[in-house]
Amino acid sequence: MKNAQHDEMIHLLRNHRSIREFQQKRIPPDLINTVLTAGQAASSSSHGQSYTIINVTDDEKKRLLADYAGKQTHIRDCSNFLVFCADLYRLEQIASLNGVNLKEVIESTEMLLISTIDAALAAQNVAIAAESLQLGIVYIGGIRNNPEQVSELLELPYRVYPVFGMCVGYPQPDKVPDSKPRLPLAVVCHENSYSPFEDVYPEIQEYDEEMRDYYANRSHGSRTATWSGAMLDKRKVPRRMFMKHFLNQRGFSLR
Ligand SMILES: Cc1cc2nc3c(=O)[nH]c(=O)nc-3n(C[C@H](O)[C@H](O)[C@H](O)COP(=O)(O)O)c2cc1C
C-alpha cells in the first residue's frame, strides 16, 4: 500500500535539480557524515565497495579544484566538495598482505566498470540523502578536464581515479532553478525488447519543443535550442580524448 511517506520520497526524487549557487554556510560534520553513510548504504558489486570519497573542505583545495574543472565557481562556494573515486588500490593492498596476486583481475576492463559503477551508485545515494535534508548538489564531471592535477592534489594512489565530483551545500533560496523536464518514459524505458527508433522519435520531437520552451524561459529568450540540437552541439566535438591514456596510467583497464 502506498502511503504519505512513499509520496514524499517520490516527490523528493522527482523534484531534483542541480544547484550551482550556494550560501556561505558550512554543513556541520555530523550532518555531512549522515549523508555520507547513506551513500555507503548503496549496493556495490559483490559487496566490494570499490570506491573512495574524498570530502574536500579545505578552501584552497576547493579553489584549485574549481580551476581544474574549468573555473566552476560553485566548487569553491559549496560547503563540501566530494570527489568520488573508483578504487582498486584497497583490494590490491589486501591481496598483497595476504600473498594473493590479483594483478590480472584488477587490470581488467570489467574491474574498471565495477569500481566506476560502485562509485556512481554511492554518489546518487549521497545526492538523494543530501536533498532530503534540504541541501543542494551538483555533479561535477569537469574534474576530468584535468584528472592528473586532481589526482595529485588529492594524493590519490595508483589504482584510484577520480570519476566525478559533487558540490554539496545550502542552496541560495532565490537562485534555485526550475527542474528540467525529462524525456518521455517510453523513450528511455522499453517493454520486453528494444523499441524501434521510428516508434519513439515522435516523442523525442515533442520533447524537443518542451525543452525549447524550458531553455527559452531559463535564458529569458536568448537560448532557442531544442534538446536534440543542444545534445548534437555538445557532442560534436570529441572531449577528454586523453581519458583512455589517463586510466591506463592509473592502472585501470590495461587488459
Ligand atoms: C556525471 C555528471 C557530471 C556532471 N558534470 C557537471 C559539471 O561539470 N558542471 C555542471 O555544472 N554540471 C554537471 N552535471 C550536471 C548536469 O548538467 C545536470 O545533472 C543535467 O543538466 C540535468 O539537470 P538537473 O540535474 O538539474 O536535473 C553533471 C552531471 C552528471 C551526472
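Computed from a predicted model, the values in this text were never measured in an experiment.

## Describing a positive patch on the surface
Taken together, the side chains of R20, K180, R182, R218 and R223 make up a positively charged region of the molecular surface. Position of R20 relative to the elements: it lies in the loop between α1 (4-14) and α2 (29-40). Residue R20 is classed as partly exposed on the basis of its relative accessible area of 38%.

## Focus: a nonpolar patch on the surface
Taken together, the side chains of M9, I10 and L13 define a hydrophobic patch exposed on the protein surface, amounting to about 250 Å² of accessible area. If you trace the backbone, M9 turns up in helix α1. Under the relative-accessibility criterion, M9 is labelled partly exposed at 39%.

## So, helix α10 (residues 197-218)
End to end, α10 covers 30 Å across 22 residues, agreeing with the expected 32 Å (1.5 Å per residue, within 8%). Taken residue by residue, α10 has V200, I204, Y207, D208, M211, Y214 and Y215 as its buried positions. Two residues or fewer past α10, H220 is found with a positive phi of approximately 55°.

## Focus on unusual backbone geometry
Positioned with a positive phi, S46 is a non-glycine residue whose angle comes to about 55°. Its location among the elements puts S46 in the loop between α2 and β1 (51-56). With relative accessibility at 76%, the residue S46 sits in the exposed group. Residues other than glycine seldom take positive phi values, yet H47 does so here, at roughly 60°. The topology assignment puts H47 in the loop between α2 and β1. On the accessibility criterion, H47 (61% relative accessible area) is exposed.

## Concerning the UniProt feature "domain: Nitroreductase" (unreviewed entry) in the protein chain
In the UniProt entry, the feature "domain: Nitroreductase" (unreviewed entry) is given for residues 13-170. Within residues 13-170, the helical portion is 46% and the strand portion 18%, while the C-alpha atoms at the span's ends are 18 Å from each other.

Calculation notes
Per chain, residues are indexed from 1 in the order of the written sequence. Confidence filtering applies because this is a predicted model: local features only for residues at pLDDT of at least 70, side-chain atom pairs given and counted only at 80 or more, and all residues used for totals across whole chains, interfaces and linings. Note: side-chain values were computed over all heavy atoms of the structure, leaving out hydrogens and water. Patches in this entry comprise residues that are over 30% relatively accessible and not in a salt bridge; like charges within 9 Å are linked, as are nonpolar side chains (Val, Leu, Ile, Met, Phe, Trp, Tyr) within 5 Å. Calculation of accessible area relied on Shrake-Rupley with a 1.4 Å probe; when residues are assessed, cover is drawn exclusively from the protein chains displayed. For this analysis, a salt bridge means a side-chain nitrogen from Lys or Arg found within 4 Å of a carboxyl oxygen belonging to Asp or Glu. Counted charges follow a simple rule, with Lys and Arg positive, Asp and Glu negative, and His plus the chain ends left uncounted. Charge positions are represented by NZ for Lys, CZ for Arg, CG for Asp and CD for Glu. Helix and strand assignments come from DSSP, with helices taken as H or I runs of at least 4 residues and strands as E runs of at least 2, each series counted from the N terminus. Relative accessibility under 20% of the residue-type maximum defines a buried residue, over 50% an exposed one, and the middle range a partly exposed one, all with a 1.4 Å probe and only protein chains included. One less than the number of residues in a helix, times 1.5 Å, gives the span that helix is expected to have. UniProt positions are given in the numbering used here, feature names are shortened, and annotations may be inferred rather than shown by experiment.

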